Amino acid sequence: MNDNPSVVLKHSGYRAVIEHDRFVPRAYELVVDGTPQSHVNLEDPQQLFFEYINRMGNVIDLLGEPGQPLTAVHLGAGAMTIPRYVAVTRPGSRQQVIELEQNLVELVRENLPLPRGADIRVRYGDARDVVNRLPGGLTGNVDLVVVDIFSGARTPAHVTSQEFYTETARLLAPTGVMLVNVADGPPLRFARSQAATLAQVLPHTAVLAEAQVLKGKRFGNFVMVASAAPLPTQWLPRLMAAGPHPAHAVFGDDFAEFARGGLIVTDATATPSPPPARSIFQVKPGK
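Because the structure is predicted, anything quoted here is derived from the model rather than measured.

1. Considering helix H3 (residues 102-111)
Part 1 of the argument: Taken residue by residue, H3 has Asn103, Leu104, Val105, Leu107, Val108 and Asn111 as its buried positions.
Part 2 of the argument: The inward-facing, buried residues of H3 abut strand E1 (6-8), strand E2 (15-20), strand E3 (27-32), helix H2 (81-89), strand E6 (94-99) and strand E7 (119-124).

Right, here's the structure in full:
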């Protein structure tokens, strides 16, 4: 791969760059508008570097029987870290990735090839529009939906509403699970509102986060886990033990308390996620 290949994204105008990991051979980071968005280890796609992605991987490991193929839909491509993970840990999985920026996917595919034999189809367009145009056979048959949509460092407003989650949840099989990446900081208004909104659509919901992020001490990522079916209680100790540490998993009454006071987001009231301070995720020049 050439040093730091890049492209200006057609829709956002942001520059996307693939940078070498300085510490791990054959590992790379996708940076968009100065914000690290994905990390990929080409030698070991099972290595999940970012904490929130690691937490998503821990949940995926608990779906169904170990190693059983999944039907998955990913909203937001990035460098396809989670689709790669599913492809190698769940051989035979059928996956659809929805991404607005076609030249981002082209950059990734050219420089960070997908695992051999991975059944990953990419559909281009706005995630919400494409969800409503997916083949009818997917409706009610998807084991895993991953919502990880960012434009730069922020999630666009139209993919944060109750209407959006309702449209997307139609894809899920009866025991299917939706994973949503939510970024927020103190006082956690956005995260609480997303938790409350998601729970209106999928009643069995949990939140995974680093302890200080969950307490509203600093900006970070929340992984929201939601399903129409009860989340198995045996998940809790296994998720806590899996880390990354210090880990915290919020289920049941604790989740209801976390979501309490969060305003239900509708299309009429939706706003983008709050921007982090540029010092949090931004890559310093020359690094």
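That covers the picture; the talk isn't over yet.
2. So, the nonpolar core
Most often, soluble globular proteins have nonpolar side chains that are buried together.
Part 1 of the argument: Leu75, Met178, Phe222, Met224 and Phe258 are the most contacted members of the largest nonpolar core, which totals 40 residues.
Part 2 of the argument: Counting residues per element, this core draws most heavily on helix H6 (residues 189-201), which supplies 6 residues.
Part 3 of the argument: Not counting the four nearest positions on each side in its chain, Leu75 is found in contact with Ile98, Ala127, Val131, Val146, Val147, Asp148, Ile149, Phe164 and Thr168.
Part 4 of the argument: Leu48, Ile53, Val59 and Leu239 belong to the second-largest nonpolar core, a separate cluster that totals 27 residues.

3. Description of the sheet that holds E1
Part 1 of the argument: Taken in spatial order, the 4 strands make up an open sheet running E1-E2-E3-E4, and their pairing is antiparallel. Here the strands that pair on one side only, and so sit at the sheet edges, are E1 and strand E4 (35-41). When strand polarity is set aside, the average angle formed by the axes of neighbouring strands in this sheet is 15°.
Part 2 of the argument: In this structure, E3 lies alongside E4, joined through 6 bridges in antiparallel fashion. Residue pairing across strands places Val31 opposite Pro36, the latter belonging to E4.
Part 3 of the argument: Sheet strands touched by H3: E1, E2 and E3. Its angle to E2, the strand with the most contacts, is close to 15°.

4. Regarding the packing of H6 against helix H9 (residues 252-259)
Part 1 of the argument: Where H6 meets H9, the closest approach of the two axes is 8 Å, and the angle between their N-to-C directions is 125°. As the angle between them shows, H6 and H9 are arranged oblique. In contact with Ala191, Arg192, Ala195, Ala196 and Ala199 of H6, H9 contributes Phe255, Glu257, Phe258 and Ala259.
Part 2 of the argument: When the residues that make up the contact of H6 with H9 are grouped by side-chain class, the tally is 7 nonpolar, no polar and 2 charged.

5. Some remarks on the side chain of His74
Part 1 of the argument: Of note, His74 is situated in strand E5 (residues 71-75).
Part 2 of the argument: Residue classification places His74 among the buried residues on the basis of a relative accessible area of 2%.

6. Some remarks on the packing of aromatic side chains
Any aromatic ring pair is given by two values, namely how distant the centres are and how the planes are angled relative to each other.
Part 1 of the argument: In this structure the tally under the stated criterion is 3 aromatic pairs.
Part 2 of the argument: Note on Phe222 and Phe258: the rings are 5.9 Å apart at their centroids and 40° apart in plane angle, and the pair reads as tilted. With Phe222 in strand E11 (residues 220-227) and Phe258 in helix H9, the pair connects residues that are 36 residues apart, well separated along the chain. Assigned by exposure class, Phe222 and Phe258 land together as buried.
Part 3 of the argument: One cation-aromatic arrangement involves Arg192 over Phe258; the distance from NZ or CZ to the ring centre is 4.9 Å.

7. A short note on the sheet that holds E7
Part 1 of the argument: In space, the 8 strands of this open sheet follow the order E7-E6-E5-E8-E9-E11-E10-E12, with mixed pairing throughout. The open sheet has two edge strands with one neighbour each: E7 and strand E12 (247-250). Shown here is a sheet whose adjacent strand axes are inclined to one another by a mean of 15°, direction ignored.
Part 2 of the argument: Alignment of strand E9 (residues 172-184) against E11, held across 7 bridges, turns out to be antiparallel. For Asn181, the partnering residue across the bridge sits in E11 and is Val223.
Part 3 of the argument: Lying over the sheet, H2 contacts E5, E6, E7 and strand E8 (142-147), oriented at roughly 175° with respect to E6.
Part 4 of the argument: Along the sheet face, H6 touches E9, strand E10 (204-210) and E11 and points at about 170° away from the line of E9.

8. Description of the confidence of the model for the protein
Part 1 of the argument: Chain-level statistics for the protein give a pLDDT mean of 93 and a share of 96% at 70 or above.
Part 2 of the argument: Low pLDDT (under 50) marks residues 281-287, which in the prediction has 14 contacts with non-local residues, meaning those over four places away or in another chain.

9. Let's talk about the pairing of E7
Part 1 of the argument: As paired elements, E6 and E7 share 6 bridges and run parallel to each other. Bridge pairing in E7 links Ile98 to Arg123.
Part 2 of the argument: In this fold, the crossover linking E6 to E7 by way of H3 has right-handed handedness.

10. Concerning the pattern of salt bridges
Any two side chains of opposite charge can pair if their charged atoms end up close together.
Part 1 of the argument: Under the defined criterion, the tally for this structure stands at 6 salt bridges.
Part 2 of the argument: Here Arg128 ties to Glu167 by a salt bridge, and the two come within 2.9 Å at their closest N and O atoms. Of this pair, Arg128 sits in helix H4 (residues 127-131) while Glu167 sits in helix H5 (residues 162-169), and the two are 39 residues apart along the sequence. Neither residue differs from the other here; Arg128 and Glu167 are each classed as buried.
Part 3 of the argument: We note a salt bridge from Arg260 to Glu257, for which the minimum N-O separation is 3.0 Å.

So, how was this worked out
- Residues numbered from 1 in each chain as written.
- Predicted model: local features only at pLDDT ≥ 70, side-chain atom pairs only at ≥ 80, totals over all residues.
- Heavy atoms only, no water.
- Buried < 20%, exposed > 50% of the residue type's maximum accessible area, 1.4 Å probe, protein only.
- Helix = DSSP H or I, 4+ residues; strand = E, 2+ residues; numbered from the N terminus.
- Contact = heavy atoms within 4.5 Å.
- Core = buried A, V, L, I, M, F, W, Y, C linked by side-chain atoms within 4.5 Å.
- Pairing = 2+ DSSP bridges.
- Axes fitted to C-alpha atoms, helices over the stretch in contact; angles between N-to-C directions.
- Parallel < 35°, antiparallel > 145°, perpendicular 65-115°, else oblique.
- Nonpolar A, V, L, I, M, F, W, Y, C, P; charged D, E, K, R; others polar.
- Phe/Tyr/Trp six-rings, centres within 6.5 Å; stacked < 30°, edge-to-face > 60°.
- Lys NZ or Arg CZ within 6 Å of the ring centre and 35° of its normal.
- pLDDT = per-residue confidence, 0-100.
- Right-handed = clockwise from strand over helix to strand, strands pointing away.
- Salt bridge = Lys/Arg side-chain N within 4 Å of Asp/Glu carboxyl O.

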